[in-house]
Amino acid sequence: MKVAFLGLGAIGYPMARRIAQAEFELAVWNRSPEKSAELARTVSARVAATPADAARGAAVIVTCLPTSEEVESVTFGGDGLASTMASGAILVDCTSGDPRASRSIAARLAKQGVDFLDAPVSGGVVGAEAGKLTVMCGGDAAVLERARPVLQAFGAKIILCGPTGAGHAIKALSNALLAIHLWSTGEVLVAAAKAGVAPSIALDVINGSAGRSNSSENLIPQRVLTRKFPSTFRLALLDKDVRIAEAVAHEAGTPARFIELAHLIFQRAHAELGSEVDHTAALQVLEREAGVVIGRG
Ligand code: NDP
């Protein structure tokens, strides 16, 4: 089967590599062509000159870009995917995108007989490298079955969440929980430090108690306590996810007080720290406000 992959970023690169290793006939396109060339040096992949070139003849086209805006632009812009996608092809959007944009993209593509699946992922760069991502899909069950062999190259848990946009909605809402857990655990740690409990001891207690989360068990010990803050998932992307989660809740008309606050906090941290830092660096803003460093000391 011919597959195209667009967007060789932090998570897209290892996902595309796993598709090539699963022995699909892969064409890759990335805005910065060096990354496509680098991938093609290590696995069998054709470097496409444009999105349209990548999609030519492909049964499944995967996008993994920062936001739905870039997906719209590589799909419908000049030399875009839509100009060469054949009727019967599937656009699988692994971007953590916006459900409203996804519904609009799906409707436009349907006019030329192309199916759409929103399929954002979870599990980070390590999960992508190991082929162990969770893939949360929105769309038609029969379309998912046709795309499943490709998703299985990088996903261990593939879940049909609902109609088009449902995957993007639950991804954003789930990442709002990540933002809330991360920041609230940080608040607990700086308060504990001022009360005389060192961060590593406070984490030991939290991780043996009901307040534990992926932030307390993994992210803060591995990225904050070590002061490494490795940029594998950018703060700008988490800010975007929380913004989408807020819009989803507002559209649904459901209470969203924590989500709104998380949006405000992460938007400010993003504005202060810039686009390239890791999401865990947001806690540096809290440390500055508290006058406490969440370190090993
Ligand atoms: P990165 O910022 O590392 O990479 C972004 C990719 O998009 C790069 O390939 C970049 O190209 C390309 N790109 C950026 N702007 C444009 C544009 N205007 N036109 C075309 N291509 C563009 O992002 P990630 O790989 O980390 O994330 C991708 C998606 O996956 C996001 O929606 C994110 O929220 C989600 N995600 C990320 C996770 C992670 O751990 N990193 C985990 C789960 C989901 P170039 O190389 O030229 O810059």
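Conventions used here
Residues numbered from 1 in each chain as written. Predicted model: local features only at pLDDT ≥ 70, side-chain atom pairs only at ≥ 80, totals over all residues. Heavy atoms only, no water. Core = buried A, V, L, I, M, F, W, Y, C linked by side-chain atoms within 4.5 Å. Buried < 20%, exposed > 50% of the residue type's maximum accessible area, 1.4 Å probe, protein only. Helix = DSSP H or I, 4+ residues; strand = E, 2+ residues; numbered from the N terminus. Domains from an automatic or database assignment. Contact = heavy atoms within 4.5 Å. Buried area = accessible area lost by both parts, 1.4 Å probe. Salt bridge = Lys/Arg side-chain N within 4 Å of Asp/Glu carboxyl O. Polar contact = N/O pair within 3.5 Å; in protein donor to acceptor, adjacent residues only side chain to side chain. Nonpolar A, V, L, I, M, F, W, Y, C, P; charged D, E, K, R; others polar. Near = heavy atom within 4 Å. Areas by Shrake-Rupley, 256 points an atom, 1.4 Å probe, with all protein chains shown as cover.

## Here we look at the nonpolar core
Ranked by size, the top nonpolar core spans 35 residues in total, and within it Phe5, Ile19 and Val92 carry the most contacts. Elements that contribute at least two residues to this core include exactly strand 1 (2-6), helix 1 (12-21), strand 2 (25-29), strand 4 (60-63), strand 5 (90-93), strand 8 (133-138) and helix 7 (141-151). Ala202, Ile220, Phe266 and Ala269 belong to the second largest nonpolar core, which has 28 residues in total.

## Brief notes about the domain arrangement of the chain
In terms of domains, the chain is made up of domain 1 (2-163) and domain 2 (169-290). Put simply, the middle of domain 1 and the middle of domain 2, counted by C-alpha atoms, are 28 Å apart. Domain 1 puts 15 residues into the contact, and the matching count from domain 2 is eleven residues. Taking both sides of the interface into account, the surface hidden between domain 1 and domain 2 amounts to around 950 Å²; carbon and sulfur atoms contribute 64%. Across the pair Arg103 and Glu251 runs a salt bridge, and its minimum N-O distance is 3.3 Å. Across the domain 1-domain 2 interface, the total number found is four residue pairs in polar contact (both at pLDDT 80 or more). If you list the elements that add at least two residues to the side of domain 1 that touches domain 2, you get helix 5 (99-110) and strand 7 (121-122). Here the side of domain 1 that touches domain 2 takes three residues from helix 5, the largest share from any one element. Class assignment of the residues belonging to the side of domain 1 that touches domain 2 gives a composition of eight nonpolar, four polar and three charged.

## Some remarks on the site of the ligand
Inspection of the region around the ligand gives 26 residues, with Ala10, Asn30, Ser32, Lys35 and Thr232 positioned closest. At 3.2 Å, a backbone N or O of Leu8 approaches an oxygen atom of the ligand. Considered on its own, the ligand offers 900 Å² of accessible surface; in the complex 87% of this is hidden by protein. Of all elements in the fold, only helix 6 (124-130) and helix 11 (235-252) reach the threshold of two or more residues within the shell around the ligand. The residue makeup of the shell around the ligand includes at least three contributed by each of domain 1 (2-163) and domain 2 (169-290).

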